[in-house]
Amino acid sequence: MNFAATIEQYTKEQLVQLLIHQQAMNAKLTHELAILKRQKFAATSEAYTGEQQRELFETLDIDLAAVAAEIEQLTLAHPAPAEPTKQQPKRVRLPAELPRTDIHHEPDSTLCQCGCQMKRIGEDVSEKLDYQPGVFTVERHVRGKWVCNQCETLVQAPVPAQIIDKGIPTSGLLAQVIVAKYADHLPLYRQSGIFERAGLAIPDSTLAEWVGRCGVALQPLVDALKEELLAHPVLHADETPLPMLKPGNGKTHKAYLWSYCSTPLSSTKAVVFDFAESRGGKHAEQFLDRWRGTLVCDDFPGYKVLFRSGITEAGCMAHARRRFHELWANHSSQIAGEVLDLFASLYGVEREATLLDEEQRLTIRQAQATPVADALHQWLLVQRQRVPSGSATFKAIEYSLNRWSALTHYLNDPKVPIDNNWVENQIRPVALGRKNWMFSGSLRAGKRAAAIMSLIHSARLNGHDPYAYMKDVLEKLPLQPFSRIGELLPHRWEPAQAQ
């Protein structure tokens, strides 16, 4: 938030509270910054493998950059008295052999207010590093200086706004690094090696700083995506484990990436990930907050607290079917084969129903799927009396009967899908990238990864190229009014050609 631009709308008491809050946040972030620095130096003496140590350093460097960026935002909102700063090292010039493209920025008008025509007396040039797969190029931003000989007024086009103030990377290079890390699961040290083969070695620490600052800049967009997602009456939920390393003991523990997304029956295609240190139901409760819709999920006990607070439960028919399919596939169970035919009939109706509008979908479900579901329910009741208690078949039957109300909820609500496969498909790419991640180095790193992946995977859901989406968003975000940030969400964004 820009403090100077909004100060007039606050009372004196509100300004005092805002100042106290900002001072508390500054103290919290400064403390976190000190802890991260200590962890980075302490990690050198701990028992990590070479690859583990590189990934841990990568995470800590990104965290350090992110915390520094958040402190900068607070400082800009409420600047403190200037203090002497250490002299910053001079930036190394970009290699002269890289291809260069001139981009000129001139004033909208070179006619002085006094009526005289201004004269161009020079220019300022800044260079930005761009990257297309395998090739580095340099953008030379040329800003002409125009002066009036009569009144000596000097006019120059402003410096183009960018995500990293005074940084050298273009939005294209930043998008490449982010998408490679969070969509293709390439650690930064591997990307550094790829860049070196392309002709320019970029240190891991520099890439980490870029990612940390981009994560902070993209967070308001992720918050807007979550807000819109929670406006939907029906959501999917699922979770998958990820190893999380805690500096200090060199060991990992099981953290979880929670996934929440709109249904395939919704016109809005969106997914939001949430990283948490455990699988406790409190994390889903905190994420959903005051949302009170229908949640499509599996039988994980952590969701039960949500259903006691007013959220409606919808089960996953695919989970019920899967238990019988395993019996049939592994043991050629005749009983499982019989029930799989009934599940196939339900899914046959659903394939047709998903193509219809809500009123027609409800009609066909009740006319064609409800009789099949009734037959399935009766079959389960009969077979439970016949099979040995405690057998795998008995457990499969019990699972379906115990969740029957949730499993058949979709028959009476046309907004609800038959199963939870949609969200499981969204979380699968994350699980596939688990080996390349190895671990998440901190809770902050996990939260940042979840936020950025929310944008990348939502872009994919809407048929966009994640790189093209991220590049355009990083270009527009610095000048995008907060009131119009929703225009950059993946389900509203359009490629440049379409625009």
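Source: prediction; values computed, not measured.

1. Considering the environment of Arg-403
Part 1: For Arg-403, the position within the fold is in the loop between α12 (392-402) and α13 (404-407).
Part 2: Of the residues examined, Arg-403 reaches a relative accessible area of 5% and is grouped as buried.
Part 3: A C-alpha to C-alpha distance of 8.1 Å links Arg-403 and Asp-299, two positions 104 residues apart in sequence.
Part 4: What Arg-403 contacts, discounting residues up to four positions off in sequence, is Cys-297, Asp-298, Asp-299, Lys-304, Glu-313, Gly-315 and Cys-316.
Part 5: A polar side-chain atom of Arg-403 sits 3.0 Å from a polar atom in the side chain of Asp-299.

2. A few points about the confidence of the model for the protein
Part 1: Chain-level statistics for the protein give a pLDDT mean of 84 and a share of 78% at 70 or above.
Part 2: Predicted confidence is poor over residues 1-7, with pLDDT under 50, and the contacts of this stretch with residues over four places away or in other chains come to nine contacts.

3. Some remarks on helix α11 (residues 358-386)
Part 1: The end-to-end C-alpha distance of α11, which contains 29 residues, comes to 40 Å, matching closely the 42 Å that a straight helix rising 1.5 Å per residue would cover.
Part 2: The sharpest bend along α11 measures roughly 40 degrees and falls at Ala-369, with the proline Pro-371 sitting one to four residues further on.
Part 3: All buried positions along α11 are accounted for by Arg-361, Ile-364, Arg-365, Ala-369, Val-372, Ala-373, Leu-376, Trp-379, Leu-380 and Gln-383.
Part 4: Considering only its buried residues, α11 is in contact with α9 (317-331), α10 (334-353), α12 and α13.
Part 5: You can read the cap of α11 off the contacts: a side-chain oxygen lies 3.3 Å from the backbone nitrogen of Glu-359, and it is on Asp-357.

4. Remarks on the environment of Leu-489
Part 1: Within the fold, Leu-489 resides in the segment after α17 (466-476).
Part 2: A relative accessible area of 0% means that Leu-489 is categorised as buried.
Part 3: Taking C-alpha positions, Leu-489 is 8.4 Å from Ala-459, a pair spaced 30 residues apart along the chain.
Part 4: The contact partners of Leu-489, leaving out residues within four places of it in the chain, are Leu-221, Ala-224, Leu-225, Glu-228 and Tyr-469.

5. Comments concerning unusual backbone geometry
Part 1: With phi around 60 degrees, Glu-152 is a residue other than glycine that occupies positive phi space.
Part 2: Along the chain, Glu-152 turns up in the loop between β3 (135-147) and β4 (154-156).
Part 3: In this structure, His-185 is a non-glycine residue whose phi angle is positive, near 60 degrees.
Part 4: Within the secondary structure layout, His-185 lies in the loop between α4 (171-182) and α5 (188-197).
Part 5: With a relative accessible area of 8%, His-185 lands in the buried category.

6. Description of the pattern of salt bridges
Part 1: Within the structure shown, the criterion is met by 23 salt bridges.
Part 2: Arg-100 is the partner of Glu-127 in a salt bridge, and the nearest nitrogen-oxygen pair spans 2.9 Å. In this pair, Glu-127 is assigned in strand β2 (residues 119-132) and Arg-100 in strand β1 (residues 100-105), connecting sequence segments 27 residues apart.
Part 3: Here Arg-365 ties to Glu-350 by a salt bridge, and the two come within 2.5 Å at their closest N and O atoms. Within this pair, whereas Arg-365 is found in helix α11, its partner Glu-350 is found in helix α10, the two being separated by 15 residues in sequence.
Part 4: According to the relative accessible area criterion, Arg-365 is buried, its value standing at 0%.
Part 5: The exposure class of Glu-350 is buried, given its relative accessible area of 5%.
Part 6: One salt-bridge network, in which partners are shared between bridges, spans Arg-100, Asp-102, Glu-127 and Arg-140.

The rules behind these values
- Residues numbered from 1 in each chain as written.
- Predicted model: local features only at pLDDT ≥ 70, side-chain atom pairs only at ≥ 80, totals over all residues.
- Heavy atoms only, no water.
- Helix = DSSP H or I, 4+ residues; strand = E, 2+ residues; numbered from the N terminus.
- Buried < 20%, exposed > 50% of the residue type's maximum accessible area, 1.4 Å probe, protein only.
- Contact = heavy atoms within 4.5 Å.
- Polar contact = N/O pair within 3.5 Å; in protein donor to acceptor, adjacent residues only side chain to side chain.
- pLDDT = per-residue confidence, 0-100.
- Expected span 1.5 Å × (residues − 1).
- Bend = angle between axes of the 7 residues up to and from the residue.
- Salt bridge = Lys/Arg side-chain N within 4 Å of Asp/Glu carboxyl O.

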